[in-house]
Amino acid sequence: MQIISWKKTGTLLLAGAVALAGCSGSKGPAGANGTNGTNGTNGTNGTNGTDGISAVSTGLVVAVASAPTANTNGSVSVRFTLKDDKGYPIDVLGGYSLGTVSPRFSLSYFTFDAKGNVLPYTVLTKKSGSPTAFTPPTNGTPSTTDGTLTANGQGDYTYTFPATVAFDPAQGTATHTLWIQAQRQTDSNDVRTRKTVNLEYNFVPSGNGTAARRQVASTDGCSKCHDGFSAAAFHGSGRIDAGYCGVCHNPARGNAVTGGSDAQIFVHRIHDAKNLNLATSIFHGIAEVTYPQDVRNCGACHDGALQGAQWKSRPNSSACGSCHDQVNFASTTAADGTALPTCSAKSLDSTTGKLAACKHTGGVQADDASCAGCHPATSIAGYHSLAPATTPATFTIDAVTIDPTTRVPTIAFTVTTGTTPRNILTSGFESFGATWAGPTTEYSQYYNVKIQPTTPGTLAAVTDGSDGKFTFTFPAAGALPALDPATSFLFTLEGNDTGLAATGNPLAFVKLDGSAGTARRVVVDDAKCNGCHFSLGAHHAGNRTNVQYCSVCHNAATNQSRNVAKTQLDPTSGQAARVGQSIELSVMIHKIHTGEASQDATWSYYGYGGTNPLGGAPLERATFPGNRMHCDQCHVTDPKGKVTYALPLASSVAATSQSQTFTCPDTNVDPVAGKSTACSVPLVASAPVKTPATTAICTSCHDATYTIAHTALNTWDDGAGNKVESCNVCHASGTEFDVKLVHVQ
């Protein structure tokens, strides 16, 4: 039996333990990661969330996806899309896009007469027998009167007209026109985010033939005055295409007075309202309109339209009689049985002062079939032509020199008729004159002088006059003022040749030292003004056609007192009160264009001549045809990129001379007491009241008493005669109430 010694064994165990302890070192670096395992299977996708509203969505694009078609029950449907400017879908309810849309729909067809003239729409969408457009509920609820709008999803829609609308099988090859009117505004507080669309879609239901287009008036032509029909007066600015007007303003639309809702009657009567005898027949009671140019200029609206020439090629009693309302086409006697004279001469009615009623020269006309026989296009165009019978003269300023001692200027100029030089020494003008004005920073002094028929100055030919080159030296009274030699002045010419004004007013800018001068700032664009006025030459006998020239007399220092007949007084008040209101161009033009919308009951401007103590007849308070909030209709952007109606104004803009009164110190004159209205001594003028520049301009439109009070409260009188305005704090460019922002509403 073997006996084990535990002592020895313990020694060995202890030695092993020591040996193991001696082999243990510090931990080594971590090993490389192992290869990733295989990905697990993807889980099931979650449910899609609701589409959010796009905060950057702008604009509105309407497109017809497929032509309107007849359904099996005879109703008519059309599929269309609504998208924003980036192509994203639009929800009419505003669920997944900003802003709501409530579209309107009309359906019509048109044909042509035997001469190829396009006829008015035959409108299929009617209510109570009158042509109109339908507005279906946008929530998809069917309407028996307005049809059904169905959302197909993602900006795709189907509209079905009510059962009352159906294609006429007999007109299957005629061009039909679908109009869709839609408007979207993404920010209810900012009309700049509003977009209006009038979509015209022409098609042939049978599919046989090519669709035509009806376009008698040009939207672009109308917009020259009407500013894209953006004013709220035009059906809330929702109807902006001239062609669309023909749907409702249609011969089939009922009207109590002589069918006056038809566009060819309605529009003409509005534009010629001040000359009409039948003021009560104006549809909607619109009778106060002052057309801003010669009403004979038919091309202003019709030029550029596909069938625009029909104003002269398709004469008819409705269109022609809408302006020539003195002509009776249906009878030879008046309503009271009185025989009417033939319309061979333009005699005036002694009561109304307008053209007297007369019978049609060609006799009673049962219809319009024979009109073109006596009134061919060439003769109609001739009667409506605004072209002068002879070629007007043209002036060119070749040079301006200034005598360094006397400061008397001399203008060297050339006169031509067409391309032919004109010798005005042997073939002079009925009226011909020259003007200087300065300083061009802000006109405050000017001098007008006649050159022909007689002159206090000196007119001379450069050679013998046959080359049309002349010089004119102003009289001594026309010497320039003694200002800084670097002061710039304007020089111009105007002329009238027996009623025919010369073409334009040439402008030359020269410094007092004779060097090239600096032109006055340009505030508005003549072309924009003439877009509506055709020619500014309609003012001042056609002699003044340049806005730069207008600002010479219509400057900040001049008021209407210069038109006062100095020996006459107002027989009611005993004085010529407020005759001195400013005729500074910005004040006067704004006030005239504000017209009937003015809240100032006292203002009036007077022309020249007449027996009125204030001058000629007062200008009427006209209705502005565009949107007065859109200053860009007239104004321009200056070379520095600033719009000229923005604040702050140019530092050179001066305070204006406003109200001024004139009284007579002659004790024998008391018009109120029935004494003489003639003053034997000069009238005594009060000092003109100066209105600060910004206040004068802004309150020429914003003329309510609370606005006047607002400007007064924000103007500080420094006690030294200076009125310091604080308008720029709130209304300058970049401020919260920036003029550019508040004038887009």
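For clarity, every value in this text was computed on a predicted model and none was experimentally measured. (Residues numbered from 1 in each chain as written. Predicted model: local features only at pLDDT ≥ 70, side-chain atom pairs only at ≥ 80, totals over all residues. Heavy atoms only, no water.)

A. Broad picture of the confidence of the model for the chain. Of the residues in the chain, 84% reach a pLDDT of 70 or more, and the chain-wide mean stands at 85. Contacts of residues 609-615 to residues separated by more than four positions or lying in other chains number 16 contacts, the stretch itself having pLDDT below 50. (pLDDT = per-residue confidence, 0-100. Contact = heavy atoms within 4.5 Å.)

B. Just the state of the cysteines, in detail. Overall, the coordinates contain two disulfides when judged by the stated rule. Each sulfur in the disulfide pair C225 and C532 lies 2.1 Å from the other. Measuring the twist about the S-S bond at about 105°, one finds the C225-C532 disulfide to be right-handed. Separated by 307 residues along the polypeptide, C225 in helix α2 (residues 219-226) and C532 in helix α10 (residues 526-533) bring together distant segments of the chain. A relative accessible area of 10% places C532 in the buried class. C343 shares a disulfide with C358; S-S distance 1.8 Å. Taking the sign of the torsion about the S-S bond as the criterion, the disulfide between C343 and C358, at about 100°, is right-handed. (Disulfide = S-S within 2.5 Å. Helix = DSSP H or I, 4+ residues; strand = E, 2+ residues; numbered from the N terminus. Buried < 20%, exposed > 50% of the residue type's maximum accessible area, 1.4 Å probe, protein only.)

C. Just the packing of aromatic side chains, in detail. Across all of its chains, the model carries 19 aromatic pairs by this definition. Their ring planes at 45° and their centres at 5.2 Å tell us that F429 and F432 sit as a pair that is tilted. With relative accessibility at 5%, the residue F429 sits in the buried group. Among the aromatic side chains, those forming a connected cluster through ring pairs are F80, F105, Y157, Y159 and F161. If you follow R214 out to its NZ or CZ, it ends over the ring of Y121, 5.3 Å from the centre. The ring of F429 has R422 sitting right over it, with the charged end atom 4.1 Å from the ring centre. (Phe/Tyr/Trp six-rings, centres within 6.5 Å; stacked < 30°, edge-to-face > 60°. Lys NZ or Arg CZ within 6 Å of the ring centre and 35° of its normal.)

D. Quick look at empty space enclosed by the protein. With the rule as written, the count across this model stands at one cavity of 30 Å³ or more. Space inside the largest cavity adds up to approximately 40 Å³. Every residue lining the largest cavity is listed: W179, E200, R213, R214, Q215, A217, T219, D241 and G243. (1 Å grid on protein atoms, 1.4 Å probe; cavity = no way out; pocket = protein on both sides within 12 Å on 5 of 7 lines; lining within 4 Å. Points joined across faces, edges and corners; volume = space filled by probe spheres on them.)

E. Molecular detail of the environment of G155. By the element assignment, G155 lies in the loop between β7 (148-153) and β8 (156-160). Relative accessible area serves as the criterion here: at 1%, G155 is assigned to the buried category. For G155 and T81, which are 74 residues apart along the polypeptide, the C-alpha to C-alpha distance reads 5.5 Å.

F. Structural context of the sheet that holds strand β4 (residues 122-123). Reading across the sheet, the four strands line up as β4-β3-β9-β10 and stay open at both edges, with antiparallel pairing between neighbours. Edge positions in the open sheet fall to β4 and β10 (194-203), since each of these has one partner strand only. With two bridges connecting them, strand β3 (residues 104-110) and β4 associate as antiparallel partners. Note on β4: the bridge partner recorded for Y109 is T122. (Pairing = 2+ DSSP bridges.)

G. Structural context of α2. Buried within α2 are the following residues: T219, G221, C222, C225 and H226. End-on view of α2: buried residues confined to an arc of 160°, all on one side of the axis. Facing away from the buried surface of α2 by more than 90 degrees, the exposed residues are D220 and K224. Considering only its buried residues, α2 is in contact with α3 (242-248), α4 (263-271), α5 (299-302) and α10. Measuring from the backbone nitrogen of D220 back to the side-chain oxygen at the start of α2 gives 3.3 Å, which picks out S218 as the cap. D227 lies just past α2 and shows a positive phi near 55°. (Arc of directions from axis to C-beta. Polar contact = N/O pair within 3.5 Å; in protein donor to acceptor, adjacent residues only side chain to side chain.)

H. Seen up close, the environment of S551. Within the secondary structure layout, S551 lies in helix α11 (residues 547-553). Overall, the relative accessible area of 4% leaves S551 in the buried class. In this structure, the C-alpha to C-alpha distance between S551 and E584, residues 33 residues apart in sequence, is 7.4 Å. Each residue touching S551, except ones within four places of it in the same chain, is listed here: Y443, R520 and L585. Here Q548 takes part through its backbone oxygen, which lies 2.8 Å from a polar atom of the side chain of S551.

I. The arrangement of the nonpolar core in detail. Residues I411, F413, F474, F491 and L493 are the most contacted members of the largest nonpolar core, which totals 29 residues. Of all the secondary-structure elements, those providing two or more residues to this core are β13 (393-402), β14 (409-417), β16 (431-438), β17 (445-452), β19 (469-473), β20 (488-497) and β22 (507-511). The dominant element in this core, judged by the number of residues it contributes, is β13, at five residues. Excluding residues within four positions of it along the chain, F474 makes contact with V408, P409, I411, A434, T435, W436, Y447, V449 and G457. Ranked by size, the runner-up nonpolar core spans 28 residues in total, among them V62, L82, Y159 and L199. (Core = buried A, V, L, I, M, F, W, Y, C linked by side-chain atoms within 4.5 Å.)

J. Inspection of the pattern of salt bridges at higher detail. In the structure shown here, the tally under the stated rule is 13 salt bridges. When the shortest N-O distance is used, the salt bridge between R79 and D156 registers 2.7 Å. Of this pair, R79 sits in strand β2 (residues 76-83) while D156 sits in strand β8, and the two are 77 residues apart along the sequence. For D156, a relative accessible area of 15% corresponds to the buried category. The partner of K469 in a salt bridge is D398, with the nearest N and O atoms 4.0 Å apart. Of this pair, K469 sits in strand β19 while D398 sits in strand β13, and the two are 71 residues apart along the sequence. With relative accessibility at 43%, the residue D398 sits in the partly exposed group. Through salt bridges with shared partners, a single network forms among E442, R520 and R521. (Salt bridge = Lys/Arg side-chain N within 4 Å of Asp/Glu carboxyl O.)

K. Representation of α4 within the structure. Residues of α4 that are buried include every one of I265, F266, R269, I270 and H271, and no others. Where α4 is buried, its residues meet α2, α5 and α7 (317-323).

L. Inspection of the pairing of β3 at higher detail. With seven of seven residues buried, β3 lies mostly within the body of the structure. By the alternation rule, side chains of β3 split into R104, S106, S108 and F110 and F105, L107 and Y109, which are all buried. Where β3 meets strand β9 (residues 175-185), seven bridges bridge the pair, whose relative direction is antiparallel. Within β9, the position partnered with Y109 by the bridge is H176.

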